[in-house]
Amino acid sequence: MRGRRAGPLGGRRSPPAGRGGLLLALALLALTGCQPYVRVSTPTREAYQPLEGFAVRMNFMPRKPNADEGKKIYDARCAVCHGPDGRGDGSMAEQLTAPEKNPYTDFLSLFRIHPKSEPLPSRPARFNNLDQMRLNAPFALFETIARGRPHTAMPGFQHPAYGAVDGGEPRLSDQQIWDVLFWEWSRTTSRERLAQGRRIYNQMCASCHGVQGDGNGPEAARIREQVWTWARGVGPGIFTDRDWMAYRKPTELYQKIAEGVQRRGVELMPAYASRLSPDQIWTVVEYLWTFVYTPPQDLR
Ligand code: HEC
Ligand code: HEC
């Protein structure tokens, strides 16, 4: 990720350099092959510290996120851009531009030349865009919401970093971020799909993974001897382990289900690619996330 560039011209609040000094600095810039100094908003001090909890941490998601709670935050803080249903069509969406994203005009503005140019548009993410959402781990969304995304209109709601836009007060707590992101997550499925996923899961998976997703199915005793994490109630295949699931991408879960799990010639889990259609596998993946968060009213 591009950091903030404190160019040789100094911060933007320093007194204006003389013409000669400016030209010299520009020549130096050209010589060193640096990109021109890009003005970015001044991040708060915390932005430079590694944020607490951004390394893998136990109890990262202490309470089960609740998508209904998240929807309240979403309606108040996010819908203006992302749209009431997360389709990227909020009332502000059309006007959003990428702040200070154009190095060309920023460079010319050093000479007080302001060419007429269209600011680059910045389109809000659509949370019903499956191609995009299935590649995201919840953790990645968490980071985007907490820090914001630099050089786009997406603000940071906890500690805006790298010059991202500030999402304003009140700051969202960790738990609020989990709640709101799982409301967005819920836009990738529907009540019918969850019901289908549940049927398949209870039929084909619960014998090992448990009806509750806690790895306590009838086969669990046997598996505990083969997989040490199951004996501890954590790790792959225990879907109530939120610390584990926070870092899982839907595509990863899909692949495990399709290919099964073999280790040192022992089949820990059968492959389902020949028994389930791709869409059926996706409905199971969507259902697996309901062990991690409480789905909203409209999906129950
Ligand atoms: C001012 C408009 C605006 C507001 C308000 C806003 N967003 Fe965004 N958001 C954006 C834009 C624009 C993007 C796309 C950034 C990009 O181009 O990568 C984005 C991207 C995201 C992403 C990344 C999606 C992905 O697939 O990587 C998440 C998650 C997100 N927003 C969540 C939220 C949440 C939660 C809120 C409210 C707490 C919120 N946003 C409020 C404009 C906004
Ligand atoms: C015979 C027992 C068994 C059955 C049946 C079974 N699994 Fe598994 N599954 C396991 C074991 C054991 C693991 C953990 C393997 C490991 O340690 O990597 C696992 C791992 C997984 C993972 C990987 C989790 C991760 O975070 O990497 C997913 C996803 C999964 N199972 C889903 C399913 C689904 C969905 C079904 C039903 C369609 C199913 N499993 C059926 C035993 C089973």
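No experiment lies behind these values; they were computed from the predicted model shown.

Rules used throughout
- The numbers attached to residues start from 1 for each chain and follow its sequence in the written order.
- For naming, the first written chain is A and the first written ligand is 1, with later ones following in the order written.
- Where totals are concerned, whole chains, interfaces and linings use all residues; where local detail is concerned, this predicted model gives features only for residues with pLDDT of at least 70, and gives and counts side-chain atom pairs only at 80 or more.
- Heavy atoms from the whole structure form the basis of all side-chain values; hydrogens and water molecules are not counted.
- Every case where a carboxyl oxygen of Asp or Glu lies within 4 Å of a side-chain nitrogen of Lys or Arg is listed as a salt bridge.
- Secondary structure elements are taken from DSSP: a helix is a run of H or I of four residues or more, a strand is a run of E of two residues or more, and numbering for both begins at the N terminus.
- A donor here means any N, O or S atom no more than 2.8 Å from the metal (3.2 Å for Na, K and Ca); water is not included, so a site may seem to lack partners.
- Burial classes: relative accessible area under 20% of the type maximum marks a residue as buried, over 50% as exposed, and values in between as partly exposed (1.4 Å probe, protein chains only).
- Being near a molecule or strand, for a residue, comes down to having at least one heavy atom within 4 Å of it.
- Under the rule applied, a polar contact is a pair of N or O atoms within 3.5 Å (in protein, one hydrogen donor and one hydrogen acceptor; residues adjacent in sequence only if both atoms are side-chain atoms).
- Each residue receives one of three labels: charged for Asp, Glu, Lys and Arg, nonpolar for Ala, Val, Leu, Ile, Met, Phe, Trp, Tyr, Cys and Pro, and polar for the others, Gly being one of them.
- Orientation is described by lines fitted to C-alpha atoms, with helices fitted over the stretch in contact, and by angles between N-to-C directions that extend from 0 to 180 degrees.
- For classification purposes, angles smaller than 35 degrees are called roughly parallel, those larger than 145 roughly antiparallel, those between 65 and 115 roughly perpendicular, and all remaining angles oblique.
- Handedness of a crossing is defined here by the sense of rotation of the near helix relative to the far one, left-handed for an anticlockwise turn of less than a right angle and right-handed for a clockwise turn.
- When checking whether two residues touch, look at their non-hydrogen atoms; a contact exists if any pair is within 4.5 Å.
- Cavities and pockets are found on a 1 Å grid laid over the protein atoms alone: a cavity is a set of points where a 1.4 Å probe fits but cannot escape, a pocket is an open set with protein on both sides within 12 Å along at least five of seven lines, and a lining residue has an atom within 4 Å of such a point.
- Grid points are joined across faces, edges and corners, and a volume is the space filled by probe spheres set on the points.
- For the domains described, the bounds stem from an automatic or database domain assignment.

1. Comments concerning the pattern of salt bridges
Evaluation of the coordinates by the stated rule reveals 11 salt bridges. Ionic pairing is found between Asp179 and Arg63, a salt bridge with its closest N-O pair at 3.3 Å. Here Asp179 is found in helix α7 (residues 174-186), whereas its partner Arg63 is found in the loop between α1 (19-32) and α2 (67-77), with 116 residues between them in sequence. Note that Arg193 and Asp279 form a salt bridge whose closest N and O atoms lie 3.3 Å from each other. A residue pair is termed long-range when its members are at least 10 positions apart, and Arg193 in helix α8 (residues 191-204) and Asp279 in helix α14 (residues 278-288) qualify at 86 residues. Salt bridges here are not isolated pairs; linked through shared partners, they connect Arg134, Arg193, Asp279 and Glu286.

2. With respect to the coordination of the iron atom of ligand 2
Binding of the iron atom of ligand 2 to the protein goes through His209 (NE2) and Met269 (SD), at separations of 2.0 Å. In this structure Met269 comes out as buried when scored by relative accessible area, which is 16%.

3. Brief notes about the site of ligand 2
Around ligand 2, the surrounding shell holds 23 residues, and the nearest of these are Cys205, Cys208, His209, Arg263 and Met269. Here an oxygen atom of ligand 2 and a side-chain polar atom of Lys256 are 3.2 Å apart. Elements with a minimum of two residues in the shell around ligand 2: α9 (206-209), α10 (220-226), α13 (250-259), β1 (261-263) and β2 (266-269). For the shell around ligand 2, the per-class residue count stands at 16 nonpolar, 3 polar and 4 charged.

4. Remarks on the packing of α13 against α14
Axis separation between α13 and α14 bottoms out at 10 Å; the angle between their running directions is 125 degrees. On the basis of the axis angle, α13 is oblique to α14. Crossing handedness for the pair α13 and α14: right-handed. Of the residues in α14, those in contact with Pro250, Thr251, Leu253, Tyr254, Ile257 and Ala258 of α13 are Pro278, Ile281, Trp282, Val284, Val285 and Leu288. Split by residue class, the contact of α13 with α14 holds 11 nonpolar, 1 polar and no charged.

5. What to know about unusual backbone geometry
Between Glu169 and the following residue, Pro170, the backbone shows a cis peptide bond with an omega angle of -15 degrees. Note on placement: Pro170 falls in the loop between α6 (138-147) and α7. Although it is not a glycine, Tyr162 adopts a positive phi angle of roughly 55 degrees.

6. Focus on empty space enclosed by the protein
By the definition in use, this model includes 1 cavity of 30 Å³ or more. There is about 110 Å³ of room inside the largest cavity. Of all the secondary-structure elements, those providing two or more residues to the lining of the largest cavity are α5 (130-133) and α14. No other element matches α14, which puts 3 residues into the lining of the largest cavity. Of the domains in this structure, domain 1 (65-186) and domain 2 (191-299) are the two that each give at least three residues to the lining of the largest cavity.

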